[in-house]
Amino acid sequence: MTELRSSCSQDYSARGGQEADRIFTSHFNRLALDPHTPDRVEILDTTLRDGEQTPGVALSMDDKVRIAQLLDELGVDVIEAGFPRTSKGEQEAIRKISSLKLRAKVCGLARCSREDIDSAVDNGVDYVHTFIATSEGHMKNKLKMTREQVKARAVDAVEYARSRGVIVEFSCEDGTRTELDFLKEMHVAVQDAGVHKINLPDTVGTMSPSAMEYLVSEVMEVTKVPLSTHCHDDFGLAVANSMAAVRKGARQVHVCVNGLGERAGNAALEEVVMSLLAFLNVRTNVDTRKLGTTSRAVARMTGVPVPDTKAIVGNNAFAHESGIHVHGVLKDPSTYEAFSPELVGMQRNIVMGKHTGAHSVKEKLGEYGICLPEEMLATVVEKIKKLAESGKEVDDAELVALALHIQGQMDQEHQHVKLKEFTVFTGMNITPTSTVVVEVDGKQVRSSDVGIGPVDAALNAIRTAVSENISLVEYRLNAITGGSDALCEVTVKLRMNGDQKVMSVGKSIGSDIVLTSVNAAMAAIDRLLARHRS
Ligand code: MN
């Protein structure tokens, strides 16, 4: 084991500094390194173009602008912001994003037509991605054009786009199902026309990684301009195919956040960036620590949730339940983690369930400042397992309640704060305002505050009444049943400022979202004060 670890860190010492200590990939990867692989690749993110073509996704103007800003902060090199010729809204979004003066280049997609190219350039982009289909099927059935006509159209588009003073990338659409001789002929023709980058799209996701390596090597023999890839995930191989292309010399990869995109989606940004770094030692300008927040923001704005088991950014990517696994991870994370969650802006999550052991329960309770003697700890573990067997997962709030109950603290605890009165005003064109009367250690305190919504206003008013030092760590709302009269479950996590290690959690179930939130907050505050004063 020691030998394995040391050979790993040797392998990746080239990454230097913190990354070398935080990635624990297999030492066999070094056997697959290739001399054609570049040290660095550019990332073209197409979340706002291909990603927006995800069935069911329609982003508002504000969301598009926000996503562009997030991508820029993340460090992508090119943002494909849309397909301007398709609609007025698309043009407006591209104009807005171009006017942000981002560090990233802003790209507009254009068919090989002067009108399409004008539509991109006139709306402010500094980068045009122009494409035409070159596979026999697409030319015959869709374009109804001959090879010669297709080539002439592509050459004209590239020359015209160049004449308009922007960076020009060209794609043979369905390139991976194009006859090799014609694909090469097209690449040479656009290179002669002055193209800056040539993209090789696996439009329908029909390549294997080995085939991708072969094709990239073949086309790179006839051209010198940087090659890019655009891989779709129809067989779940988009990331593997993108890596195969880079391994053989591609210098740019098209990606979408969370693997969004048409049909099964595009290569996922977070997976491509991390895999290139971990396996091929290829760097990008992406700040990996922002991957988690970017993923969550895009999931929220697009309404496409990230599956729990999704690589890198899924809820379970760093979750551990089994007793043996948890014990190992707490001792040394590399035992059961391929890389540190901090490296990608995620958090380790110890989940309580039927595999839970005393170790993880102790660790979790420690986060809430609860320390139980051995025999009580054993009772808690036993209860969790019983609940798990009946299909009930135990979250933090329930664990804390269970532990306090077993410790016999529940009753004496509820003496610190009591809610005596509560109102909230909300509606349209008024600022949500809440007034509460809270009894803190037998003394009544009245306080009002405002918020961005009724729940926010209520929580602010309670905090103002009890202590300004309390900050909200997490607020979670789950609908238990469907419909507008559904029951909801609210979990509130709090922390006392200046006491970073100690948290408190409260939970409540009810039919009124605001009142349920207030009750959960009161429970959390009560525990926090009990802990803080003891
Ligand atoms: Mn695509």
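Residues numbered from 1 in each chain as written. Predicted model: local features only at pLDDT ≥ 70, side-chain atom pairs only at ≥ 80, totals over all residues. Heavy atoms only, no water.

K.L.:
I'd love a proper account of the domain arrangement of the protein chain, names of residues and values included.
P.N.:
Looking at the assigned domains, one finds that the protein chain contains domain 1 (34-302), domain 2 (319-407) and domain 3 (413-533). Just the C-alpha atoms count here: the centres of domain 1 and domain 3 sit 47 Å apart. (Domains from an automatic or database assignment.)

K.L.:
Hey, could you go over the coordination of the manganese ion for me, with residue numbers and the actual values?
P.N.:
Binding of the manganese ion to the protein goes through D50 (OD), H230 (NE2) and H232 (NE2), at separations of 2.0 to 2.3 Å. Within one chain, the residues serving as donors to the manganese ion are arranged as D-x179-H-x1-H. Per residue, the accessibility class of H230 equals that of H232, and both read buried. (Donors = N, O, S within 2.8 Å, 3.2 Å for Na, K, Ca; no water. Buried < 20%, exposed > 50% of the residue type's maximum accessible area, 1.4 Å probe, protein only.)

K.L.:
Run through the sheet that holds strand β6 (residues 197-202), naming residues and quoting values.
P.N.:
Sheet strands line up and pair through hydrogen bonds in the backbone, either parallel or antiparallel. With respect to topology, 8 strands assemble into a closed barrel ordered β1-β2-β3-β4-β5-β6-β7-β8, the strand pairing being parallel. Put simply, the sheet's adjacent strands are angled 25° from each other on average, direction ignored. The sheet contact formed by strand β5 (residues 167-173) and β6 spans 3 bridges and is parallel. Bridge pairing in β6 places E169 opposite K197. Docked against the sheet, helix α8 (residues 180-192) engages β4 (127-133), β5, β6 and β7 (227-231), running at close to 165° with respect to β5. Its contacts with the sheet put helix α11 (residues 269-280) on β1 (42-45) and β8 (252-255), and the angle it makes with β1 is roughly 170°. (Pairing = 2+ DSSP bridges. Helix = DSSP H or I, 4+ residues; strand = E, 2+ residues; numbered from the N terminus. Axes fitted to C-alpha atoms, helices over the stretch in contact; angles between N-to-C directions. Contact = heavy atoms within 4.5 Å.)

K.L.:
Go over the pairing of strand β12 (residues 433-440), please, and point to the residues and values.
P.N.:
Counting buried positions along β12 yields 6 of 8 residues, so the element is predominantly enclosed. Across 8 bridges, the pairing between strand β11 (residues 417-425) and β12 is antiparallel. Note on β12: the bridge partner recorded for L419 is V438. In the sheet, β12 pairs with strand β13 (residues 443-450) via 8 bridges, with the strands oriented antiparallel.

K.L.:
Let's hear about the packing of helix α7 (residues 147-163) against α8: which residues, and what values?
P.N.:
Viewed as axis vectors pointing N to C, α7 and α8 meet at an angle of 25°, and their least axial separation amounts to 9 Å. Overall, the two elements α7 and α8 adopt an arrangement that is roughly parallel. Considering how the two elements wind past one another, α7 and α8 form a crossing that is right-handed. Only D181, F182, E185, M186, A189 and V190 of α8 make contact with α7, whose side of the interface consists of R147, E148, V150, K151, A154, V155 and V158. Its residues placed into classes, the contact of α7 with α8 shows 8 nonpolar, no polar and 5 charged. (Parallel < 35°, antiparallel > 145°, perpendicular 65-115°, else oblique. Left-handed = near helix turned anticlockwise from the far one by under 90°. Nonpolar A, V, L, I, M, F, W, Y, C, P; charged D, E, K, R; others polar.)

K.L.:
Before we move on, could you go through the packing of helix α3 (residues 61-74) against helix α12 (residues 291-302) and cite the residues and values that matter?
P.N.:
At their nearest, the axes of α3 and α12 sit 11 Å apart, and the two run at 170° to each other. When the interaxial angle is binned, α3 and α12 end up roughly antiparallel. Between α3 and α12 lies a crossing whose hand is left-handed. Each of D63, R66, I67, L70 and L74 in α3 lies in contact with α12, whose residues at this interface are L291, T294, A297, V298 and M301.

K.L.:
Now, about the sheet that holds strand β15 (residues 488-496): what can you tell me, with residues and values included?
P.N.:
In space, the 3 strands of this open sheet follow the order β14-β15-β16, with antiparallel pairing throughout. The open sheet terminates on both sides in strands that have one partner only, identified here as β14 (470-479) and β16 (503-510). Averaged over all neighbouring strand pairs, the angle between strand axes comes to 15°, with direction disregarded. One ladder, built from 9 bridges, connects β14 with β15; its direction is antiparallel. In the strand pairing of β15, N478 is matched with E489. Relative to β16, helix α16 (residues 396-407) is tilted by about 105°, and along the sheet it contacts β15 and β16.

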